[in-house]
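Summary of the model geometry
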Amino acid sequence: MHQIAVIGSGTMGNGIAHVFAQHGFSVSLIDINQTALDKGLATIDKNLDRQITKGTLSADDKTATLGRLKLFTSIAEGVREVELVVEAATENIDLKLKIFRELDQHAPANAILASNTSSISITRIAAVTQRPAQVIGMHFMNPVPVMKLVEVIRGYATSDEVTQQIMDLSRQLNKTPTEVNDYPGFVANRILMPMINEAIISLFEGVAGVEEIDTVMKLGMAHPMGPLQLADFIGLDVCLAILRVLHEGMGNPKYAPCPLLVNMVTAGRLGVKSGEGFYSWTHGTKELVVADRFKK
């Protein structure tokens, strides 16, 4: 496998394209407009420079990596000769189904179609294609160039051969693939999101403050960052969307999102991406500053 396409040049998409290109694959990076593509390419360039500074990449390797990337604003053109497509668009079911219908129409008949979705059913995505045995989940972790895990999700019809190909391919990227079955939230988010939600409920009910909750989890459970800080990094809108998938898919009230989370997303307080969530992110330092509304 040598020719790869990545749909979406945002945080996850440009990271996935970066990793494939760095490991010798020719990558078609596809997005809806040139501005988005240029922004994604600039991020890849910056992250490659960071690797050079750390001594994990040479300047020649950077040049070679960038040389393997081609930019497209058309799915039809970008996937014409690829062997694998990794979709990394916004976590929206209607958008993903639309993209997969188009991929099924334009990608070669033997191409594998993968989604980087963090919660949406691979079986449901595969059902809109004529190749459900060749549809699979490749859930990379953020930041993609750094994090080792790839959650490989088998849909109901995903073949053993395709699953093995993606497991082997993930190892070629120096990742650790973990095979899971297609149920709401898979493994990562089925465990992570209820924890984050419970942390928000603890804040909502006045059990403790933002810093106190995060400190307990960092120092008591050896987490590198607390659940509220992590929620800000993931995006509170993304957390809410995944919890709703879990709640709908399981029909269990334990997955119901906290009203505080719903209100914050409604108000546009989405975490790092909006400048404020449980913490304020606009002060320009690495110091954690609790958002004004949560200060004692």
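Note that the structure is predicted; figures quoted are calculated from it, not measured.

Concerning the overall build of the protein chain
Looking only at helices and strands, one finds 12 helices and 10 strands in the protein chain. Relative to the compact-globule value of 19 Å for 296 residues, the protein chain shows a C-alpha radius of gyration of 20 Å, a close match. Its C-alpha atoms put the protein chain at 60 × 45 × 35 Å along the principal axes. The buried share of the protein chain, taken over its 296 residues, is 46%. Residue pairs at least 24 apart in sequence account for 64% of intrachain contacts in the protein chain once pairs closer than 6 positions are excluded. Total accessible area on the protein chain stands at roughly 14400 Å², and carbon and sulfur atoms take up 52% of it. In the protein chain, 27 side chains carry a positive charge and 31 a negative one; their mean positions are 2 Å apart.

Some remarks on the UniProt feature "binding site: NAD(+)" (unreviewed entry) in the protein chain
In the numbering used here, UniProt assigns the "binding site: NAD(+)" (unreviewed entry) feature to G8, S9, G10, T11, M12, G13, D31, E91, K96, S118, N142 and K273. You can call S9 buried: its relative accessible area is 4%. When near neighbours in sequence (up to four residues on either side) are disregarded, S9 contacts N14, L29, I30, D31, A36, L37 and G40. Examined against the element boundaries, N142 turns out to sit in the loop between β6 (135-140) and β7 (149-154).

Considering the pattern of salt bridges
By the definition in use, this model includes 11 salt bridges. With a closest N to O distance of 2.7 Å, D49 and K62 form a salt bridge. Of the two residues, D49 is situated in helix α2 (residues 34-54) and K62 in helix α3 (residues 59-67); the sequence distance between them amounts to 13 residues. According to the relative accessible area criterion, D49 is partly exposed, its value standing at 31%. Residues D237 and K273 are paired through a salt bridge, measuring 3.0 Å at the closest nitrogen-oxygen approach. You can see D237 sitting in helix α11 (residues 236-250) and its partner K273 sitting in the loop between α12 (259-266) and β9 (279-280), a full 36 residues away along the chain. By sharing partners, the salt bridges in this structure join D45, D49 and K62 into a single network.

Notes on the packing of helix α8 (residues 188-204) against helix α9 (residues 210-221)
Helix-helix packing is characterised by the crossing angle of the two axes and by the distance between the axes. Orientation of α8 relative to α9, taken along the N-to-C sense of each, is 140 degrees, at an axis distance of 9 Å. Put simply, α8 runs oblique to α9. The chirality of how α8 crosses α9 is right-handed. Contacts between α8 and α9 involve M195, A199, S202 and L203 from the first element and V210, I213 and M217 from the second. Here the contact of α8 with α9 is built from residues that sort into 6 nonpolar, 1 polar and no charged.

Analysis parameters
Residues numbered from 1 in each chain as written. Predicted model: local features only at pLDDT ≥ 70, side-chain atom pairs only at ≥ 80, totals over all residues. Heavy atoms only, no water. Helix = DSSP H or I, 4+ residues; strand = E, 2+ residues; numbered from the N terminus. Rg over C-alpha atoms; globule rule 2.2 N^0.38 Å. Buried < 20%, exposed > 50% of the residue type's maximum accessible area, 1.4 Å probe, protein only. Contact = heavy atoms within 4.5 Å. Areas by Shrake-Rupley, 256 points an atom, 1.4 Å probe, with all protein chains shown as cover. Lys, Arg positive; Asp, Glu negative; His and termini not counted. Charge placed at Lys NZ, Arg CZ, Asp CG, Glu CD. UniProt positions renumbered as here; feature names shortened; annotations may be inferred. Salt bridge = Lys/Arg side-chain N within 4 Å of Asp/Glu carboxyl O. Axes fitted to C-alpha atoms, helices over the stretch in contact; angles between N-to-C directions. Parallel < 35°, antiparallel > 145°, perpendicular 65-115°, else oblique. Left-handed = near helix turned anticlockwise from the far one by under 90°. Nonpolar A, V, L, I, M, F, W, Y, C, P; charged D, E, K, R; others polar.

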